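An overview of the molecular structure
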Amino acid sequence: MNIRRFQGWALLVILPIDLLSFVVGDAPWYGILSIIAVILFIVGVPAIQSVQPMGTPGLAGIILIELAAVIALGLNLLGGPEVSEVLILTSVLAGALGRIIIGWRTARANVFPAWAGWAFLAQGILNLAGYIYLYDLGTFGSVLGTIVFLLDSVAAFGYGLGIVRRQS
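Keep in mind that this is a model prediction, so the values were computed, not measured.

How each quantity is defined
- Residues numbered from 1 in each chain as written.
- Predicted model: local features only at pLDDT ≥ 70, side-chain atom pairs only at ≥ 80, totals over all residues.
- Heavy atoms only, no water.
- Phe/Tyr/Trp six-rings, centres within 6.5 Å; stacked < 30°, edge-to-face > 60°.
- Helix = DSSP H or I, 4+ residues; strand = E, 2+ residues; numbered from the N terminus.
- Buried < 20%, exposed > 50% of the residue type's maximum accessible area, 1.4 Å probe, protein only.
- Core = buried A, V, L, I, M, F, W, Y, C linked by side-chain atoms within 4.5 Å.
- Contact = heavy atoms within 4.5 Å.

**Digging into the packing of aromatic side chains**
For the coordinates displayed, the defined rule picks out four aromatic pairs. Ring centres of Trp 104 and Trp 118 lie 5.8 Å apart, and the angle between their planes is 80°; this geometry places the pair in the edge-to-face category. On the criterion of sequence distance, the pair formed by Trp 104 in helix α5 (residues 85-109) and Trp 118 in helix α6 (residues 114-132) is long-range, its members being 14 residues apart. A residue is classified by how much of its surface remains accessible, and Trp 104, at 42% relative accessible area, is partly exposed. With 5.2 Å between their ring centres and 65° between their planes, Phe 120 and Tyr 159 make a pair best called edge-to-face. Residue Phe 120 is found in helix α6, and its partner Tyr 159 is found in helix α7 (residues 139-167); the two are separated by 39 residues along the sequence.

What follows is the structure, given as structure tokens:
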């Protein structure tokens, strides 16, 4: 198995892990599932650029997404009540901008399924909007958080599927 195929499988496995973590929610091992999904995401995302070269903007988008994921992983591992709001904002902004760039370029390129690009783009926009304003809206904020979570998982699955199919 080559590295790109492994990266594709890493992205594919995120969806079932995220669905399981969504179902178990408050279980003691929820945090472990979350950390595993973020690590798989960090491992898999670079394959997007190698399968669908997007030039400098695409490379910048991948770097921003990776930065956001590494910050999120660090916050999951080390975070507590003293977590800096600046770190959270940096992760949200980098992730949103990177997902918008990659999602838009994917939707236009016809290399991966266009729905994966649109899901990535929508996740970036909704996560940023949710961070800025909408999560304070009680039930609507909770629903939005669930949509953002699922969009990211579905987008990762779409990219993983595209990578694995190309490597077969």
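**Points about the nonpolar core**
With 30 residues, the main nonpolar core has Leu 11, Phe 41, Ile 48, Ile 102 and Tyr 159 as its most contacted residues. Within the residue set of this core, elements represented by two or more residues are α1 (3-24), α2 (30-44), α3 (46-51), α4 (55-78), α6 and α7. Beyond its immediate chain neighbours, meaning those up to four positions away, Ile 102 contacts Ile 48, Met 54, Gly 58, Gly 61, Ile 62, Ile 65, Phe 120 and Tyr 159.

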